[in-house]
Amino acid sequence: MLTYAARKLLMAVPILIGIITITFLLNFVFVPGDPVRIMMGQTANEDTIKMIRKELGLDKPLYVQYFRLLGRLAKGDLGRSYKSRREVSDMILERLPATAKLAVSAMIAAILIGVTAGIISAIMPYSIWDYISMVGALLGVSMPVFWLGLMLIVVFAIKLNILPVGGYGNGQIEYLILPAITLGSRQAAKIARMTRSSMLEVINKDYIRTARSKGLSEKIVVIKHALRNAMIPVITVIGTQLGYLLGGTVLTETTFSWPGIGRLAVDAVRARDFPLIQGTVLFLAAVFIIVNLLVDLGYGLLDPRIRYD
Amino acid sequence: MDKQNQELEIYSPWRDAWRRLKKNKMAMVGLGVIGLLVIIAIFAPYIAPHDPLKVDLMNSLQPPSDEFPLGTDRLGRGIFSRIIYGARISLRVGLITQSIALVIGITLGALAGYYGGWVDEIISYLINVFLAFPFLLFAIAIMATLGPGINNVFLALAIVSWPGLARIVRGQVMSIREEEYVEAVKSLGANDVRIIFKHLIPNCMAPIIVTVTLGVASAILSEAGLSFLGLGAQPPTPSWGLMLSGGRSFIRSNPGMMIYPGLAIMITVLGLNLFGDGLRDVLDPNMKDN
């Protein structure tokens, strides 16, 4: 398992280099206009601009800039923001707890809601409960995330006035509820659909019949025998949905004024602060790769038949 | 001979698929929604009671009335009329991005699947790198470079959409390139281009159609997201996402400004998803739901 993890991690390196290359091309090659001029505004004088170009290494040929960038990134140096002149890595780390808290709670909410709805649908197929959860799931994948967020704000913050409109507060849970539900809605829907179909497939297997005929209670059959086996494709869905979740933080954080990395990225794009854009994109892409690796390794815990050698 | 040909045509797999699709109620509902949307988009000038761009400050922020069925926005433009015209934007986003993605995805996927070897190595590497980006974040990063505007949205969403298609085409081509009929055409002296486009691609159309249908839905959602962030369509374009973003300031006084464009997006995407799911069940039961 360790060698498998190490090999997978090693395979992630060329992917990361590819991602760095694409963001480099996007940020420094294809950008119309001079980033320094964008940063300084149209009124800056030529000498200052020249000086800053030199300071940032933008006067060097592109390939030199590229390899310098790789060298810097290998040391974990993401450069400085054009706008605030602060270290990009500091700015990201500052925002990380808020995003992590939001993403993890959204995923937990999605798994709880999705798996429960999926199980209910599967053990009572074609019942009213099945119908309600599947229509809900269908709406969940068809709604723009941020729109759901705004609707929740209208209902719970404005009309009922029981939850805050947005912001982070001092980290109280009230501030987290609506953003987490919003961000997790799409994943909950996908998980519910997958759990349902996977459970329905498993529930007709011979070993379930065996378990039942042994006289085990329905609860144990469903939870211990069916669910555990049905979870493998569900875990795959969770893995593939993580990318959407990370991308979704951008919209959800903007909707709820949540001070996380997603909003940092949007602010960076609006300010055309390229080192900050590059930093946030690289960071989230790296997180995505690592989490996928963890999901991959997680299969083994659920299904001992999977061997990593 | 002629008669035989006719019979062969009657039993074509497409006809069979359509017959099964017709039995799928949800898919037919989806198709109905899509059809309605296309009609609305084409006949927008005849359906919409007002010009979607005409500013009329005298009628700013009106509640729903006979003249303005869903009320007006800050600039006095009818929300109903803007939603009608918005169907044009959304459909264009879906169709144009998927067409570009289709050309890139089919070409690269087919090349990788057909030739294998180093061609496949390079293309697969590209696909993996592109897919390693969180989808929307990648689109945002591209928009940061290109600058806002609906035409750039087409390009950005095409760039993030092609790898998924390419991967599917590559897998399909790989699995059928060794089939006997391909060998038969090869031995008849057909060149690679002809084999790929005439014989391989048509045989992997089923998963392509499914992916593109769901891709249109995803593109419409992404455009709405980008426009909501201010990075997509620019005012005064009647984009549904942009309308939502404009309605945000009036969330307390006039929530309708946000509710209706959101509903329009949801119904459209729902229709496409229903139809896409139905198509998948009919054309390609082995495709995984993810």
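These lines cover the structure that appears in this document, whether it is placed above or below. Worth saying up front: this structure is predicted, and the values here are computed from it rather than measured.

Reading the values: rules and limits
- Residues numbered from 1 in each chain as written.
- Chains lettered and ligands numbered in written order.
- Predicted model: local features only at pLDDT ≥ 70, side-chain atom pairs only at ≥ 80, totals over all residues.
- Heavy atoms only, no water.
- Helix = DSSP H or I, 4+ residues; strand = E, 2+ residues; numbered from the N terminus.
- Contact = heavy atoms within 4.5 Å.
- Phe/Tyr/Trp six-rings, centres within 6.5 Å; stacked < 30°, edge-to-face > 60°.
- Buried < 20%, exposed > 50% of the residue type's maximum accessible area, 1.4 Å probe, protein only.
- Lys NZ or Arg CZ within 6 Å of the ring centre and 35° of its normal.
- Buried area = accessible area lost by both parts, 1.4 Å probe.
- Salt bridge = Lys/Arg side-chain N within 4 Å of Asp/Glu carboxyl O.
- Polar contact = N/O pair within 3.5 Å; in protein donor to acceptor, adjacent residues only side chain to side chain.
- Nonpolar A, V, L, I, M, F, W, Y, C, P; charged D, E, K, R; others polar.

### A look at the overall build of chain B
The secondary structure content of chain B amounts to 13 helices and 0 strands. Going residue by residue from the N terminus, the α and β elements of chain B occur as α-α-α-α-α-α-α-α-α-α-α-α-α. Expressed as lengths along the three principal axes of its C-alpha atoms, the size of chain B is roughly 75 × 50 × 30 Å. The long-range share in chain B, meaning contacts at least 24 apart out of those at least 6 apart in sequence, stands at 69%.

### Thoughts on the packing of aromatic side chains
Taken as a whole, this structure holds 9 aromatic pairs over all chains when the rule is applied. Aromatic pair Phe-146 of chain A and Phe-228 of chain B: ring centres 4.2 Å apart, planes at 15°, arrangement stacked. Of this pair, Phe-146 of chain A sits in helix H7 (residues 145–159) while Phe-228 of chain B is found in helix H11 (residues 205–228), placing the two residues in two different chains. Accessibility classification places Phe-146 of chain A together with Phe-228 of chain B in one group, the buried group. Feature note: the residues Phe-130, Phe-133, Phe-138 and Trp-162 of chain B constitute an aromatic cluster, connected by ring pairs. Taking the ring centre of Tyr-126 of chain A as reference, the NZ or CZ of Arg-196 of chain A above it sits at 5.8 Å.

### Some points on the interface of chain A and chain B
Listed as interface residues are 53 residues of chain A and, on the opposing side, 42 residues of chain B. Carbon and sulfur atoms supply 77% of the area buried between chain A and chain B, which totals about 4200 Å² over both sides. The interface formed by chain A and chain B includes 1 salt bridge. Residue Asp-277 of chain B pairs with Arg-193 of chain A through a salt bridge whose shortest N-O separation is 2.4 Å. Our count for the chain A to chain B interface comes out at 10 residue pairs in polar contact (both at pLDDT 80 or more). Mapped onto the side of chain A that touches chain B, the elements with two or more residues apiece are helix H1 (2–29), helix H6 (128–142), H7, helix H8 (173–203), helix H10 (218–255), helix H11 (261–271) and helix H12 (274–302) of chain A. Counted by class, the side of chain A that touches chain B contains 38 nonpolar, 10 polar and 5 charged residues.

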